[in-house]
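# Observations on chain architecture
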Amino acid sequence: MQDAPGRTATDAAHVLGHFIRHRAPRTRGPDDPGTDPLPSEPAADVQAALTALTRPESRTRVDERERLDLRGLHLAGAQLPHADLTHANLAGATLTGANLWEATLARADLSRATSAGANLYGATFERTLLLRTTLTTHLNQEALADALMYETTVVPDQ
């Protein structure tokens, strides 16, 4: 994606997003405990796709209308320091134990996302949507000053 010209980078982003949505498990709700435990980290190929897709230098080549759709995915333990998740849809996603250190979450949707133990320290939340979200995480709470919050609880990670 980083070296691809214009439309090719956007097409690559579209394919990687599709791959992640079909390979990562879905988040389970309290009414659907499932029979198999969900993994504590993404599969290696999903992690590689997430890394490639969210690198800031890669995102600059992608058409800004191409939104990253990761809603409802189980992404516990994902390693995405410095990730560019601008406009990403992470509604209902599980980010338990994820490393999003200094990630850009501007205008992202984290409504009903689960983030217990996630590292969001240094992350930016400019106009980030946090509806009915509980953030149990390591983060600089001042960063939430520009977030759009409703029924949001912030519990500092101990």
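Residues numbered from 1 in each chain as written. Predicted model: local features only at pLDDT ≥ 70, side-chain atom pairs only at ≥ 80, totals over all residues. Heavy atoms only, no water.

With that settled, the discussion passes to the nonpolar core. One broad trend across soluble globular proteins is that nonpolar side chains are buried collectively. Counting 36 residues, the largest nonpolar core has Ile20, Leu75, Leu90 and Leu105 as the members making the most contacts within it. Listing elements by their share of this core, those giving two or more residues are helix 1 (6–23) and helix 2 (44–54). Top element by residues in this core is helix 2. It accounts for four residues. Not counting the four nearest positions on each side in its chain, Ile20 is found in contact with Val46, Ala49, Leu50, Leu53, Leu70 and Leu73. (Core = buried A, V, L, I, M, F, W, Y, C linked by side-chain atoms within 4.5 Å. Buried < 20%, exposed > 50% of the residue type's maximum accessible area, 1.4 Å probe, protein only. Helix = DSSP H or I, 4+ residues; strand = E, 2+ residues; numbered from the N terminus. Contact = heavy atoms within 4.5 Å.)

Relative to the helices and strands, Asp69 is located in the loop between helix 3 (56–59) and strand 1 (118–119). Among the polar contacts made by the side chain of Asp69, one reaches the side chain of Arg71 at a distance of 2.9 Å. Excluding its chain neighbours within four sequence positions, the residues that come into contact with Asp69 are Arg21 and Asn89. (Polar contact = N/O pair within 3.5 Å; in protein donor to acceptor, adjacent residues only side chain to side chain.)

A separate point is the environment of Phe125. Here Phe125 is to be found in the loop between strand 1 and strand 2 (129–131). C-alpha separation for the pair Phe125 and Leu148, spaced 23 residues apart in sequence, amounts to 8.7 Å.

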